[in-house]
Amino acid sequence: MAFNLNSSNSEELPEQHDINVTPFIDVMLVLLIIFMVAAPLATVSVPVNLPSATAPQQPQAEDPKYLTLQKDLTLTLGEDRVIVRENLAAELQANEIGTEQQILLRADSKVEYGDLMDLMNRLASAGYQKIALVGLDKPATVNQ
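No experiment lies behind these values; they were computed from the predicted model shown.

Q: Before we go on, may I ask you to explain the sheet that holds strand S2 (residues 75–77) in this structure?
A: Picture the strands of a sheet paired through backbone hydrogen bonds; they go either parallel or antiparallel. Taken together, the five strands give an open sheet; going across it, the order is S3-S2-S1-S4-S5, and neighbouring strands pair in mixed fashion. Unpaired on one side and paired on the other, strand S3 (81–83) and strand S5 (131–133) mark the two borders of the sheet. In this sheet, adjacent strand axes meet at a mean angle of 30 degrees when their direction is disregarded. By the bridge criterion, three bridges tie strand S4 (residues 103–107) to S5 in an arrangement that is parallel. Bridge pairing in S5 places Leu105 opposite Leu133.

What follows is the structure in structure tokens.
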């Protein structure tokens, strides 16, 4: 900011042809401070070890035992036998499925995660430890 105040006859200040960049610098410094404070908040990351999905497909047993959890939370053993959730262990024993036999668990995509975990906990408390989740070979497309 430079002025020439040596002119004695004129009451007006002479025109200044330089751009005053002080307000511009002030705004830039305020924006810099805002971005320096906001940048660490925008890059919050939660440390999670996600499982990889590159495992080769496992060979199936000769006579796989499927347990299906449908979207209305009914359980189906095999393809047609509906069983009651409260009598799960007794129904599996009645169908000659031992605790050492693998159970392939299928669930509808509309089933909530908590309901699936409840079923898996019931199987584990009944002594069934070999539980495999069944999914599609290739991912389904997302409808939007």
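More follows now that the structure is in view.
Q: I'm lost on the nonpolar core in this one. Help?
A: Nonpolar side chains in soluble globular proteins tend to end up buried together. By size, the foremost hydrophobic cluster in this structure holds 15 residues, and its most contacted members are Leu67, Leu75, Leu88, Leu92, Ile103, Leu119 and Leu123. Sorting the residues of this core by element identifies strand S1 (65–69), S2, helix H2 (88–94), S4 and helix H3 (113–125) as the ones contributing at least two each. Ranked by the residues each element gives to this core, the list is headed by H3, at three residues. Here Ile103 is in contact with Lys65, Leu67, Leu92, Ile97, Leu123, Tyr128, Lys130, Ile131 and Ala132, once residues within four sequence places are set aside.

The rules behind these values
Residues numbered from 1 in each chain as written. Predicted model: local features only at pLDDT ≥ 70, side-chain atom pairs only at ≥ 80, totals over all residues. Heavy atoms only, no water. Pairing = 2+ DSSP bridges. Helix = DSSP H or I, 4+ residues; strand = E, 2+ residues; numbered from the N terminus. Axes fitted to C-alpha atoms, helices over the stretch in contact; angles between N-to-C directions. Core = buried A, V, L, I, M, F, W, Y, C linked by side-chain atoms within 4.5 Å. Buried < 20%, exposed > 50% of the residue type's maximum accessible area, 1.4 Å probe, protein only. Contact = heavy atoms within 4.5 Å.

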